[in-house]
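Coordinate inspection notes
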Amino acid sequence: MRRALRIALRPGPWKRGLVLAALALLLGLIMLLHARITDRRGLGSLVETFLPWFGLLVPVLLAGALWRRSASALTALLLPVVVWLNLFGGLLVDKSHSGGDLTVATHNVGADNPDPVGTARDLVASGADVLALEEITPQAKPVYERELAKAYPHHAVRGTVGLWSKLPLSDTRPVDIATDYGPLADTKPVDADRGDNRALRTTVATDQGPLAVYVAHLGSVRVLPGDGFSTGGRDRNAQALGEAVAAERNERVVLLGDLNGTVDDRALDGLTSRLRSAQNAAGDGFGFSWPAKFPVARIDHVLVRGVTPASAWVLPTTGSDHRPVAAAITW
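Summarised in this report is the structure supplied together with it. Please read these numbers as outputs of a predicted model, since none were measured by experiment.

Two elements in contact, helix 2 (residues 18-32) and helix 6 (residues 78-88), have axes whose closest approach is 8 Å; the angle formed by their N-to-C orientations is 25 degrees. Our classification of the angle between helix 2 and helix 6 gives roughly parallel. As helix 2 runs across helix 6, the sense of the crossing is left-handed. Contacts between helix 2 and helix 6 pair A24, L25, L27, G28, L29, M31 and L32 from the former with L79, P80, V83, W84 and L87 from the latter. Here the residues of the contact of helix 2 with helix 6 sort into 11 nonpolar, 1 polar and no charged.

See below:
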């Protein structure tokens, strides 16, 4: 009698695991409505930076649902699965194609790079036609210029960013991305070649016509006591760079650089609404580039307009804390 009573009172499969079902629904809603999460203290940006990794919670919840034999939890899991696949399912397919008219690459070489010579030689071995470097220090600049000179006869450096090219360059100038701001910012000439310049624009002469190339290193994202996830400098830089790209008259544009954010980050909307990600369009997988030892996010980008990405990939590690990324583009 007691056993029969216990069986009769035992929760059915739809009543078991209600907490797991609630967690599954919450996970799905966070991914579905990520753009509406407040960005106070950088919370929204933090969520969007690591949004692909939210998918790892699905098998955890699935294991719990199976262990609890919960029909409600299993049904609720359909929401995060469908949302995740809608957001990132396309990255599970190799979209790369052979060929390409021009290969471009970008690398944050790292201010603390212990081996700039080896890094330069690794980048030459990549075979890129156009190579962008970020975080160039005054000490390392002559090293890169010397080591890259033979493979890349044309180059331009403005502050901490530079472009090396096998093709001629012209109309090179720094781009004001509001690194300096406040009352004194307007007193500095826009075209001044200051050591703190973090963006440049140049024209690469290709057989198919001029190609506008931007190289940028947006401000770093910081975790500060009391301030949380601080994105103010990065966000300001992204907005200014987006305005510069919007004003670009050349139909063919390539942006190379460390943007300190993923293409899912709302702070980069001014760029991603005008430019395509080569990795998303023609890459294989997520193409994570940072940190180099165990990449968890793609914050180094090749973004394009007016050209077609044929393939995109991540290059082997160098002495930097970032991995280089590359793409082949066609006309």
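Additional details are given in the paragraphs that follow.
Now for the sheet that holds strand 14 (residues 325-330). Pairing within the open sheet is mixed, and its 6 strands lie in the order 3-4-2-1-14-13. Of all strands in the sheet, those with a lone pairing partner are strand 3 (154-158) and strand 13 (308-314), marking the two edges. Strand-to-strand twist across the sheet, computed as the mean angle between neighbouring axes with direction ignored, equals 15 degrees. The pairing of strand 3 with strand 4 (residues 161-165) spans 5 bridges and is classified as antiparallel. When the sheet's bridge partners are listed, H154 is paired in strand 4 with S165.

As a further point, take the sheet that holds strand 10 (residues 253-258). Strand order across the open sheet formed by 6 strands is 5-6-7-10-12-11, with mixed pairing between neighbours. Of all the strands in the sheet, the pair left with one neighbour each is strand 5 (169-174) and strand 11 (276-277). In this structure, strand 6 (residues 199-206) lies alongside strand 7 (residues 209-217), joined through 8 bridges in antiparallel fashion. Pairing of V204 across the sheet is with L211, part of strand 7. Strand contacts of helix 9 (residues 232-246): strand 7, strand 10 and strand 12 (300-305), with the helix running at about 175 degrees to strand 7, the strand carrying the most contacts.

Attention now moves to the packing of helix 2 against helix 4 (residues 57-68). Two elements in contact, helix 2 and helix 4, have axes whose closest approach is 10 Å; the angle formed by their N-to-C orientations is 160 degrees. Judged on the interaxial angle alone, helix 4 and helix 2 are roughly antiparallel. Along this stretch, helix 2 crosses helix 4, giving a crossing that reads as left-handed. The segment helix 2 lies against helix 4, with L20, L23, A24 and L27 engaging L57, V58, L61, G64, A65 and R68. Per-class residue counts for the contact of helix 2 with helix 4 are 8 nonpolar, 1 polar and 1 charged.

Turning to helix 8 (residues 141-148), a few remarks are in order. When we look at burial in helix 8, the residues that qualify are V143, Y144, E147 and L148. Axial view of helix 8: buried residues confined to an arc of 110 degrees, hence all on one face. Next to the buried residues of helix 8 lie helix 7 (116-125), strand 2 (130-134) and strand 4.

Rules behind the numbers
Residues numbered from 1 in each chain as written. Predicted model: local features only at pLDDT ≥ 70, side-chain atom pairs only at ≥ 80, totals over all residues. Heavy atoms only, no water. Axes fitted to C-alpha atoms, helices over the stretch in contact; angles between N-to-C directions. Helix = DSSP H or I, 4+ residues; strand = E, 2+ residues; numbered from the N terminus. Parallel < 35°, antiparallel > 145°, perpendicular 65-115°, else oblique. Left-handed = near helix turned anticlockwise from the far one by under 90°. Contact = heavy atoms within 4.5 Å. Nonpolar A, V, L, I, M, F, W, Y, C, P; charged D, E, K, R; others polar. Pairing = 2+ DSSP bridges. Buried < 20%, exposed > 50% of the residue type's maximum accessible area, 1.4 Å probe, protein only. Arc of directions from axis to C-beta.

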